[in-house]
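Observations on chain architecture
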Amino acid sequence: CRDYLAATAGLQAAMHRQLQNACGLTLPDYDVLVALSESGRTRINDLGAQLGWEQSRLSHQLRRMRGRGLVRRFDSADDRRGAEVDLTDAGRDQLRAAAPGHAELVRRLAFDGMSAGQARALRAWTTAVLERLR
């Protein structure tokens, strides 16, 4: 449905603008920071799977974020071929600063005015889509 595509594209553009204006983060920066805040130090391959990103996209994103001091990379203690990544204190601070405004925007644009029935239907639909994607 074209309305779904337009809504998701518009929501992503609004989230990106809000993050850029409020704290200088991109939406991909925010996605990585949130994932690492939830999982802690993580193998890079596992982070890519968690985000659903291709390896090259994740590598470029992490390189840019390392350059800005938001994440740090470690050689894996378990596997010399692997690497892990984690938030720096600066990355954690940026996430703390960005999260309230980001959550308010998403709530205002996507969920305010939604009835309980609409929320249940949305939850059921997204759960079914995510199951099929797995």
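To start, this report covers the structure provided alongside it. Along each chain, numbering runs from 1 in the same order as the chain's sequence is written. Owing to the predicted nature of the model, reporting of local features is limited to residues with pLDDT of at least 70; listing and counting of side-chain atom pairs is limited to 80 or more, with chain, interface and lining totals taken over all residues. Each side-chain value is derived from all of the structure's non-hydrogen atoms; neither hydrogens nor water enter the calculation.

**A closer look at the packing of aromatic side chains**
Each Phe, Tyr or Trp ring (for Trp, its six-membered ring) is paired with any other whose centre lies within 6.5 Å, and the angle between the two planes then decides the class: stacked below 30 degrees, edge-to-face above 60, tilted in between. Scanning the model with the defined rule gives 1 aromatic pair in all. With 5.6 Å between their ring centres and 70° between their planes, Y4 and W125 make a pair best called edge-to-face. In this pair, Y4 sits in helix 1 (residues 2–23) while W125 sits in helix 6 (residues 116–133), placing the two residues 121 residues apart along the sequence. Whether a residue is buried, partly exposed or exposed follows from its accessible area with a 1.4 Å probe, protein chains only, as a fraction of its type maximum: under 20%, in between, or over 50%, in that order. Note on W125: relative accessible area 43%, which makes it partly exposed. Comment: the charge-over-ring label is applied if NZ (Lys) or CZ (Arg) is within 6 Å of the ring centre and within 35 degrees of the ring normal. One cation-aromatic arrangement involves R41 over F74; the distance from NZ or CZ to the ring centre is 3.8 Å. In this structure, R57 is placed above the aromatic ring of W53, and the distance from its NZ or CZ to the ring centre is 3.9 Å. A run of H or I in DSSP becomes a helix once it reaches four residues, and a run of E becomes a strand once it reaches two; helices and strands are each numbered from the N terminus.

**Topic: the side chain of T42**
With respect to the element layout, T42 can be found in strand 1 (residues 42–43). Polar contact is defined as a pair of N or O atoms within 3.5 Å, subject to the rule that within protein one atom must be able to donate a hydrogen and the other to accept it, and that residues adjacent in sequence are counted only when both atoms are side-chain atoms. For T42, the side chain forms a polar contact with the side chain of S39, separated by 2.7 Å. Among the polar contacts made by the side chain of T42, one reaches the main-chain carbonyl oxygen of G40 at a distance of 2.5 Å. T42 has contacts with L36, L47, A83, E84 and V85, leaving out every residue within four places of it along the chain. Whether two residues touch is decided by their heavy atoms; if any such pair falls within 4.5 Å, the residues are in contact.

**Some words on the environment of R73**
Topologically, R73 is positioned in strand 2 (residues 71–75). For the pair R73 and H60, spaced 13 residues apart in the sequence, the C-alpha separation amounts to 13 Å. Ignoring any residue separated from it by four or fewer positions in sequence, one finds R73 in contact with I44, R66, A83, E84 and V85.

**What about the environment of Q61?**
In this structure, Q61 sits in helix 4 (residues 55–67). Sequence separation between Q61 and D29 is 32 residues, and the spatial gap between their C-alpha atoms is 7.5 Å. Excluding anything up to four places from it in sequence, Q61 contacts T26, P28, D29, V32 and W53. Within the structure, Q61 has its side chain in polar contact with the side chain of D29 (distance 2.5 Å).

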